[in-house]
Amino acid sequence: MQSRDLVRKAVWSVIYLLFILAPLFALLTGTLPPARNFGTEFSVALGYSGLAMMGLQFGLTARFRHVTEPWGEDVIYHFHRRVSLLAVSLVVAHPLILFAIRSDKVAMPGSLLEVPWGAWFAFLSIGSVIVLVITALWRKQLKIRYELWHLSHIGLALVAIFGGVLHMIGWGFYLTDPFKRTLWICMTAFWVALLLYVRLFKPLFMIRRPYRIAEVRAERGDTTTLVMQPDGHAGFRFKPGQFGWLNVWGSPFRITGHPFSFSSSAEAANGRVEMTIRNLGDFTSQVKTIETGRRVYLDGPYGAFTIGHPTDMHVLIAGGIGITPMMSMIRSLADRGDQRPLVLLYSGKTWDSLTFREELDALKARLDLRIVYVLSDPPEGWSGEVGRIDAAMFRRHLPPEFADHEYFICGPDSMMDAIETALGEMKVPRIRYHSERYSFV
Ligand SMILES: Cc1cc2nc3c(=O)[nH]c(=O)nc-3n(C[C@H](O)[C@H](O)[C@H](O)COP(=O)(O)OP(=O)(O)OC[C@H]3O[C@@H](n4cnc5c(N)ncnc54)[C@H](O)[C@@H]3O)c2cc1C
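Just so it is clear, the model here is predicted, and its values are computed rather than measured. (Residues numbered from 1 in each chain as written. Predicted model: local features only at pLDDT ≥ 70, side-chain atom pairs only at ≥ 80, totals over all residues. Heavy atoms only, no water.)

Visitor: Let's hear about the sheet that holds strand 10 (residues 385–386): which residues, and what values?
Guide: As summarised here, the arrangement of the 6 strands in space is 10-9-8-7-11-12, forming an open sheet in which the pairing is parallel. Here the strands that pair on one side only, and so sit at the sheet edges, are strand 10 and strand 12 (433–437). Where strand 7 (residues 314–319) meets strand 11 (residues 406–411), 5 bridges bridge the pair, whose relative direction is parallel. In the sheet register, I317 faces strand 11, and the bridge partner there is I409. Helix 8 (residues 323–336) rests against strand 7, strand 8 (342–348), strand 9 (369–375) and strand 11 of the sheet, and its axis sits at about 145° to strand 7. Strands strand 7, strand 8, strand 11 and strand 12 of the sheet are contacted by helix 11 (residues 413–425), whose axis makes an angle of about 160° with strand 11. (Pairing = 2+ DSSP bridges. Helix = DSSP H or I, 4+ residues; strand = E, 2+ residues; numbered from the N terminus. Contact = heavy atoms within 4.5 Å. Axes fitted to C-alpha atoms, helices over the stretch in contact; angles between N-to-C directions.)

Visitor: Any chance you could break down the pattern of salt bridges for me, citing the residues and the numbers?
Guide: Evaluated as defined, the whole model comprises 27 salt bridges. As a salt-bridge pair, E147 and R145 come within 3.4 Å of each other at their nearest N and O atoms. Between R336 and E267 there is a salt bridge, and its shortest N-O distance comes to 2.7 Å. Of this pair, R336 sits in helix 8 while E267 sits in the loop between strand 4 (258–261) and strand 5 (273–278), placing them 69 residues apart in sequence. (Salt bridge = Lys/Arg side-chain N within 4 Å of Asp/Glu carboxyl O.)

Visitor: Tell me about the packing of helix 2 (residues 38–60) against helix 6 (residues 146–171), and please be specific about residues and values.
Guide: As a packed pair, helix 2 and helix 6 sit with axes 10 Å apart at the nearest point and diverge in direction by 145°. With respect to the hand of their crossing, helix 2 and helix 6 are arranged in left-handed fashion. Within the contact between the two elements, helix 2 uses Y48, L51, M54, G55 and F58 and helix 6 uses A157, L158, A160, I161, G164, V165 and M168. Considered class by class, the residues forming the contact of helix 2 with helix 6 number 10 nonpolar, 2 polar and no charged. (Left-handed = near helix turned anticlockwise from the far one by under 90°. Nonpolar A, V, L, I, M, F, W, Y, C, P; charged D, E, K, R; others polar.)

Visitor: How would you sum up the UniProt feature "transmembrane region" (unreviewed entry) in the protein chain? Please name residues and give values.
Guide: Under the local residue numbering, the UniProt record ascribes the feature "transmembrane region" (unreviewed entry) to residues 12–30, 42–62, 83–101, 117–138, 150–170 and 182–201. In residues 12–30, the share of helix is 84% and the share of strand is 0%. The end C-alpha atoms are 29 Å apart. Secondary structure within residues 150–170 divides into 100% helix and 0% strand; the distance between the first and last C-alpha atoms comes to 30 Å. (UniProt positions renumbered as here; feature names shortened; annotations may be inferred.)

Visitor: If you had to explain the UniProt feature "domain: FAD-binding FR-type" (unreviewed entry) in the protein chain to someone new, which residues and values would you point to?
Guide: In the numbering used here, UniProt assigns the feature "domain: FAD-binding FR-type" (unreviewed entry) to residues 206–308. Regarding residues 206–308, the helix share stands at 2% and the strand share at 39%, and the terminal C-alpha atoms are separated by 30 Å.

Visitor: A description of the environment of A157 should follow, citing residues and the corresponding values.
Guide: For A157, the position within the fold is in helix 6. Residue class for A157 comes out buried when judged on its relative accessible area of 17%. Residues A157 and G55 lie 102 residues apart in sequence; the distance between their C-alpha atoms is 8.4 Å. (Buried < 20%, exposed > 50% of the residue type's maximum accessible area, 1.4 Å probe, protein only.)

Visitor: If you had to explain the domain arrangement of the protein chain to someone new, which residues and values would you point to?
Guide: Per the domain assignment, the segments of the protein chain are domain 1 (3–206), domain 2 (211–302) and domain 3 (314–437). Between domain 2 and domain 3, the C-alpha centre-to-centre distance is 24 Å. Each partner contributes to the roughly 1600 Å² buried at the junction of domain 2 and domain 3, and carbon and sulfur atoms together form 49% of this total. Of all residues in domain 2, R220, P240 and R278 bury the most surface against domain 3, accounting for 38% of the area lost on that side. Our count for the contact surface shared by domain 2 and domain 3 stands at 4 salt bridges. Put simply, R331 and E274 hold a salt bridge, and the shortest N to O gap is 3.9 Å. (Domains from an automatic or database assignment. Buried area = accessible area lost by both parts, 1.4 Å probe.)

Visitor: Please give an account of the site of the ligand that cites residues and values.
Guide: Looking at the ligand, there are 23 residues lining it, with G257, H258, P259, R278 and T284 nearest. Between R139 and the ligand, the recorded distance is 2.9 Å, taken from a side-chain N or O atom to an oxygen atom. T284 is positioned such that a nitrogen or oxygen atom in its side chain is 2.6 Å from an oxygen atom of the ligand. Out of a free accessible area of 900 Å², the ligand has 89% covered by protein chains. Going through the elements one at a time, strand 3 (243–247), strand 4 and strand 5 are the ones with two or more residues in the shell around the ligand. Among the elements that make up the shell around the ligand, the one with the highest residue count is strand 4 (4 residues). The residue makeup of the shell around the ligand, split by class, is 11 nonpolar, 7 polar and 5 charged. (Near = heavy atom within 4 Å. Polar contact = N/O pair within 3.5 Å; in protein donor to acceptor, adjacent residues only side chain to side chain. Areas by Shrake-Rupley, 256 points an atom, 1.4 Å probe, with all protein chains shown as cover.)

Visitor: Can you break down the sheet that holds strand 3 residue by residue, with the values?
Guide: One open sheet holds the 6 strands; their spatial order is 4-3-6-1-2-5, and the pairing between them is antiparallel. Where the open sheet ends on each side, the last strands, each with one partner, are strand 4 and strand 5. Mean inter-strand twist for the sheet, computed between neighbouring axes without regard to direction, equals 40°. In this sheet, strand 2 (residues 223–230) lies alongside strand 1 (residues 211–219) in antiparallel orientation, the contact comprising 8 bridges. When the sheet's bridge partners are listed, E215 is paired in strand 2 with V227.

Visitor: Quick one: what's the story with unusual backbone geometry, residue by residue and with numbers?
Guide: Of all residues except glycine, most have a negative phi; of all peptide bonds, most are trans. The omega torsion across G300 and P301 is -5°, close enough to zero to call that bond cis. The phi torsion at D222 lies on the positive side, around 50°, for a residue other than glycine. Tracing the sequence through the fold places D222 in the loop between strand 1 and strand 2.

Visitor: I'd like a rundown of the packing of aromatic side chains, residues and numbers included.
Guide: Evaluated as defined, the whole model comprises 20 aromatic pairs. Ring geometry for F19 versus F190: centroids 5.2 Å apart, planes at 15°, classification stacked. Here F190 lies in helix 7 (residues 178–207) and F19 lies in helix 1 (residues 3–27), a separation of 171 residues in the sequence. Between the aromatic rings of W120 and F123, the centroid separation amounts to 5.7 Å while the plane-to-plane angle is 70°, which identifies the pairing as edge-to-face. Of this pair, W120 and F123 both sit in helix 5 (residues 117–137), 3 residues apart, which is roughly one turn of that helix. Overall, the relative accessible area of 41% leaves W120 in the partly exposed class. Among the aromatic side chains, those forming a connected cluster through ring pairs are Y211, F236, F238 and F262. In this arrangement the basic side chain of R65 is found over the ring face of Y302, its NZ or CZ atom lying 5.1 Å from the centre. Just above the ring of W149 sits the side chain of R139; from NZ or CZ to the centre is 5.7 Å. (Phe/Tyr/Trp six-rings, centres within 6.5 Å; stacked < 30°, edge-to-face > 60°. Lys NZ or Arg CZ within 6 Å of the ring centre and 35° of its normal.)

Right, here's the structure in full:
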């Protein structure tokens, strides 16, 4: 890992911690309310921290390129999930501790009408947080469509946060001081601004920078390539291996963008970009019906999965449609006349399903590229590799300085897990391999 990336990671981590902790410490400055027992104060601190963490989630998912780049978008999304669970645990622990210690703050009123309004907002906030977590963890089991889930996720998060802030203001124990009240209101405004940036300003920017479908190309393996040309602007430059969010039907304001790696060369002329999409669900099954000339929107580039140091052997490991970022790397290196040694281990079900097979074989003439095809359902007479890519297969095809190569892995989750384990067994240090996971959610 480059030291520049390490510094950026450290700086963003410190900023993140500051945003979480500073509002909490600010509560302890100025005029303080009379001290209560430890359990009550501790539970209140948990509530405030949990809320600050929840609010900052809007920042984690705002796709700020400079923030996400040192880690990669998938790592940020997984962090978002983990932090959400921690934040929700803190928020839920807050009333549970108060109940457990029978704090007078949660003494049961005689009737519902006597429940103070600040408490109603606490119920609302915690209720939404619980529904939010259940639907996020078990969306597939609950058979909730991705788009519907995404919309409800944002709605529930807003209710949880506003409910939490109104609860704090309603209770007002630590927020009697106008400065503290203003601080928390400004924080809430900042969280909402993050959301507005993603859902309003960014789409407005994208609407002025549309793309046109220049070609729709059928590929092997029930897969389609969309060739897109910027319409009235220069487009953007991307690094081979990065991805973008594609919005085909509907304006950029609709929450229907899908993430796809760029499969074309980063050196392509006139801002042209290609995405190669396998038919795997609702949206992807419709891609082959897209007509040329259609206006589409692209948000990108994103991701940290890109070619490494020029003197290292690059081992590209692709499973199924995980070939797309590798294809962009290979095409870009060919266009750049880059002769670094490349080994591509490309696994697929059948020989006929291997997308880009012919072009890959042709590109060998322009590169120092060796390809190992691995089939799970080989044709009769197949003499190549069969089954799963594992440590033994690496040993058969790679020079033995395993820890010196750089590895790039993209494919189904189970394959990626197995390969990361195999590289661990081969004593390849973690910083020498890079993974792009296609399952954010
Ligand atoms: C960084 C990245 C790069 C990718 N690159 C490619 C590529 O080059 N080629 C390719 O064919 N596929 C790629 N994918 C996978 C692709 O995004 C999904 O297959 C596609 O979004 C599925 O949509 P669907 O409606 O057809 O399938 P569905 O059956 O509706 O969904 C299948 C699963 O895909 C996920 N998904 C659905 N919609 C979205 C969305 N809007 N955003 C995020 N996830 C969603 C959900 O987990 C869902 O359960 C990539 C994914 C990621 C995260």
